[in-house]
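Commentary on secondary and tertiary structure
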Amino acid sequence: MAELTTIARPYAKAAFDFAIEQNAVDSWAEMLNFAALVTENDAMQPLLSGALASNKLATLFINVCGEQINEQGQNLIKVMAENGRLKVLPAVSQLFAEYRKEWAKEVEAEVVSASELSSEQQQQISVSLEKRLARKVKLNCSTDTALIAGVVITAGDLVIDGSVSGKLSRLSDKLQS
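In this text the structure is predicted, and so the values were computed from the model without any measurement. (Residues numbered from 1 in each chain as written. Predicted model: local features only at pLDDT ≥ 70, side-chain atom pairs only at ≥ 80, totals over all residues. Heavy atoms only, no water.)

1. Considering the overall build of the protein chain
Applicable threshold: Each helix corresponds to a stretch of at least 4 residues labelled H or I by DSSP, and each strand to a stretch of at least 2 residues labelled E; elements are numbered beginning at the N terminus. Between the two quantities, the radius of gyration covers C-alpha atoms and the globule rule is 2.2 Å times the number of residues to the power 0.38. Residue burial is assigned from relative accessible area. The probe radius is 1.4 Å, only protein chains are included, and a residue is buried under 20% of its type maximum, exposed over 50%, and partly exposed in between. Only heavy atoms matter for contacts: two residues are in contact if any of them lie within 4.5 Å across the pair.
Counting its regular elements, the protein chain contains 8 helices and 4 strands. In terms of overall size, the protein chain is more extended than a compact globule, its C-alpha atoms giving a radius of gyration of 24 Å where 177 residues would be expected to give roughly 16 Å. With respect to the three principal axes, the spread of C-alpha positions in the protein chain is 75 × 40 × 20 Å. Taken over 177 residues, the protein chain has a buried fraction of 32%. A separation of at least 24 residues holds for 68% of the contacts in the protein chain among residues at least 6 apart in sequence.

If you want it as structure tokens, here you go:
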């Protein structure tokens, strides 16, 4: 089983990264689940053992899947068939599901600003953090006039100090050393 996971991981990761890029994580999960079911079908098992040339196997597999797999999914099937890896599709689907669960987690970010943030500013911060953390972000905003200006963002272990008081503190540390 560990060997199948090792073989499946790069395919799952590539599919997951592409799905995130295309904002199609749910549809990719459905495609991979369906392809995994086709792979596990008793009628398909003998064909996966190398009885057919890779291009014929890929074409047959895509025809069996029909409309359930889009063009990019078909490309993944072709690449996996060329490399003799269609047998690991169930493991690819399982790893994809694990990546999806991890990705779907929401991170809470504490945003402390010197003055009240507008909804547009909050949206910009949220979008930037989602890109950086590759997760959904929920903002908890508060104000602290001691910051003078700017913001301090804390999300888990990540701290981004863009406040004037933080910059003055760092400058003071540099001057004293």
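2. So, the nonpolar core
Under the convention used in this document: Buried residues of nine kinds, namely Ala, Val, Leu, Ile, Met, Phe, Trp, Tyr and Cys, make up a nonpolar core once their side-chain atoms join them within 4.5 Å.
The biggest cluster of nonpolar side chains holds 34 residues, and the ones touching the most others in it are Trp-28, Phe-61, Leu-86 and Phe-96. Within the residue set of this core, elements represented by two or more residues are helix H1 (2-21), helix H2 (25-40), helix H4 (54-65), helix H5 (71-82) and helix H6 (89-104). Residues within four places of Leu-86 in sequence aside, it is in contact with Thr-39, Leu-48, Leu-57, Phe-61, Ile-77, Met-80 and Ala-81. Of all hydrophobic cores here, the second largest spans 10 residues; its members include Val-107, Val-151, Ile-153 and Ala-155.

3. Focus: the packing of aromatic side chains
Rules: The criterion for an aromatic pair is that two Phe, Tyr or Trp rings (for Trp, the six-membered ring) have centres within 6.5 Å, with stacked assigned to planes under 30 degrees apart, edge-to-face to planes over 60 apart and tilted to the rest.
Per the counting criterion, the structure on display carries 4 aromatic pairs. Considering the side-chain rings of Phe-16 and Phe-96, the 5.4 Å spacing of their centres and the 75 degrees angle between planes classify their relative orientation as edge-to-face. With Phe-16 in helix H1 and Phe-96 in helix H6, this pair connects stretches of sequence that are 80 residues apart. Phe-96 shares its class with Phe-16; the two are buried. Ring geometry for Phe-16 versus Trp-103: centroids 6.2 Å apart, planes at 80 degrees, classification edge-to-face. Residue Phe-16 is found in helix H1, and its partner Trp-103 is found in helix H6; the two are separated by 87 residues along the sequence. Connected via pairs of aromatic rings, a cluster forms that spans Phe-16, Phe-96, Tyr-99 and Trp-103.

4. Some thoughts on unusual backbone geometry
Generally, phi is negative for residues other than glycine and the peptide bonds are trans, each holding for most cases. We note that Asn-23 has phi near 55 degrees; this positive angle belongs to a residue other than glycine. Asn-23 sits in the exposed class, given a relative accessible area of 69%. Its identity as a non-glycine residue notwithstanding, Ala-134 has a phi of 55 degrees, on the positive side. As for its placement among the helices and strands, Ala-134 is situated in the loop between helix H7 (119-133) and strand S2 (136-143). Judged by its relative accessible area of 40%, Ala-134 is partly exposed.

5. What to know about the side chain of Ser-93
Residue placement: Ser-93 occurs in helix H6. Leaving out residues up to four positions away in the same chain, Ser-93 has contacts with Leu-32, Asn-33 and Ala-36.

6. Topic: a negative patch on the surface
Selection criterion: The residues that make up patches have over 30% relative accessible area and no salt bridge, and they are joined within 9 Å when like-charged or within 5 Å when they are Val, Leu, Ile, Met, Phe, Trp or Tyr. The method behind every accessible area is Shrake-Rupley, applied with a 1.4 Å probe, and residues are considered shielded solely by the protein chains displayed. By definition, a salt bridge exists where a carboxyl oxygen of Asp or Glu is found within 4 Å of a side-chain nitrogen of Lys or Arg. Charge assignment: positive for Lys and Arg, negative for Asp and Glu; neither His nor the chain ends contribute. Each charge is placed at NZ for Lys, CZ for Arg, CG for Asp and CD for Glu.
On the surface, Glu-106, Glu-108, Glu-110 and Glu-130 cluster together to form a negatively charged patch. Considering every element that reaches the negative patch, the biggest residue donor is strand S1 (residues 106-113), with 3 residues. Within the secondary structure, Glu-130 is located in helix H7. On the accessibility criterion, Glu-130 (31% relative accessible area) is partly exposed.

7. Some thoughts on the environment of Met-44
With respect to the helices and strands, the residue Met-44 is situated in the loop between H2 and helix H3 (45-51). Excluding residues within four positions of it along the chain, Met-44 makes contact with Val-38, Thr-39, Phe-61 and Val-64.

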